[in-house]
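# Architecture and fold: a report
Chain by chain, the residues:
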Amino acid sequence: MSLSRSASVCVYCGARPGRDPAFAAAATDLGTALAARGWRLVYGAGDVGLMGIVARSAQSAGGETFGVIPVHLMNMEVGKRDLTQFVVTETMHERKKVMFMNADAVVVMPGGAGTLDEFFEVLTWRQIGLHEKPIFLLDTNGYWQPLIALMDHLIAQGFADASLKDFVTLCADVPSLEEALRVALS
Ligand code: AMP
């Protein structure tokens, strides 16, 4: 992928910090790495959980940030108005569309049902050929292993082609994710 502008990385992640402190540490490292590489963070514009951590660390390292939040979550997810660009949408669907349209790659950090919703949307769009943007799972302390097992199960039971897993790159930690992004975005 060759871009005439700086690359944008969409990060899906939990609106909560999760139990394992390694998740927050990874969010801090990812925000810092994005800024250091000159890659713009695209995310859900919240100031809570891992979302807030990744955004604050990207900002404090001087990075560009682009956030998209639906109007009804402005209070619940503490809309972060001091981002480089802050977009308020009417609906959740618009939020996901604007985030995805403005990204060159997708990173899925540990998170909950919302993160999974976002992941499966871009995975299924990829599966039916609607895009070719790379998708990375940040597998901090093996967090996504049950998801990989579920994908294996879908394949084994004949509900997905084996190629489903080819659309996803699993990265054990932030340094390996950073290198995989560098290759994908160059
Ligand atoms: P969670 O992983 O559940 O903490 O959610 C992570 C983020 O996904 C939060 O910002 C949620 O608001 C967002 N989210 C949850 N469901 C949806 C949806 N259907 N469309 C767009 N964003 C969503």
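Residues numbered from 1 in each chain as written. Predicted model: local features only at pLDDT ≥ 70, side-chain atom pairs only at ≥ 80, totals over all residues. Heavy atoms only, no water.

### Some remarks on the overall build of the chain
Along the chain, the regular secondary structure elements total six helices and seven strands. When the elements of the chain are put in sequence order from the N terminus, they spell out β-α-β-α-β-β-α-β-α-β-α-β-α. Taking 16 Å as the expected radius of gyration for a compact globule of 186 residues, we find that the chain reaches 15 Å, a close match to that expectation. The principal-axis extent of the C-alpha atoms belonging to the chain is close to 45 × 35 × 35 Å. (Helix = DSSP H or I, 4+ residues; strand = E, 2+ residues; numbered from the N terminus. Rg over C-alpha atoms; globule rule 2.2 N^0.38 Å.)

### Brief notes about the site of the ligand
In the neighbourhood of the ligand, 16 residues make up the surrounding shell, with Ala15, Glu77, Gly112, Gly114 and Thr115 lying closest. Between the ligand and Glu77 there is a distance of 2.5 Å, counted from an oxygen atom to a side-chain nitrogen or oxygen. A distance of 3.5 Å is found between an oxygen atom of the ligand and a side-chain nitrogen or oxygen belonging to Glu118. If the ligand stood free it would expose 490 Å²; the protein chains cover 80% of that surface. Contributing elements (two or more residues each) for the shell around the ligand: α3 (92–101) and α4 (113–127). Partitioning the shell around the ligand into residue classes produces six nonpolar, five polar and five charged. (Near = heavy atom within 4 Å. Polar contact = N/O pair within 3.5 Å; in protein donor to acceptor, adjacent residues only side chain to side chain. Areas by Shrake-Rupley, 256 points an atom, 1.4 Å probe, with all protein chains shown as cover. Nonpolar A, V, L, I, M, F, W, Y, C, P; charged D, E, K, R; others polar.)

### Thoughts on the packing of helix α1 (residues 21–37) against helix α2 (residues 49–60)
Across the interface, α1 lies against α2 with an axial gap of 7 Å and an inter-helix angle of 35°. As α1 runs across α2, the sense of the crossing is right-handed. From α1, Phe23, Ala24, Ala27, Thr28, Leu30, Gly31, Thr32 and Ala35 reach across to α2, where they touch Leu50, Ile53, Val54, Ser57 and Ala58. Among the residues forming the contact of α1 with α2, the class breakdown is nine nonpolar, four polar and no charged. (Axes fitted to C-alpha atoms, helices over the stretch in contact; angles between N-to-C directions. Left-handed = near helix turned anticlockwise from the far one by under 90°. Contact = heavy atoms within 4.5 Å.)

### Overview of the sheet that holds strand β6 (residues 135–138)
With parallel pairing, the seven strands of this open sheet are ordered in space as β4-β3-β2-β1-β5-β6-β7. Looking at the sheet topology across the chains shown, the edges are occupied by β4 (85–89) and β7 (168–171). Adjacent strand axes in the sheet meet at a mean angle of 25° when their direction is disregarded. Pairing geometry for β6 and β7, over four bridges, is parallel. Within β7, the position partnered with Phe136 by the bridge is Thr169. Here α4 sits on the sheet in contact with β1 (8–12), β5 (105–108), β6 and β7, set at roughly 150° to β6. (Pairing = 2+ DSSP bridges.)

Just distances and angles here, no functional claims.
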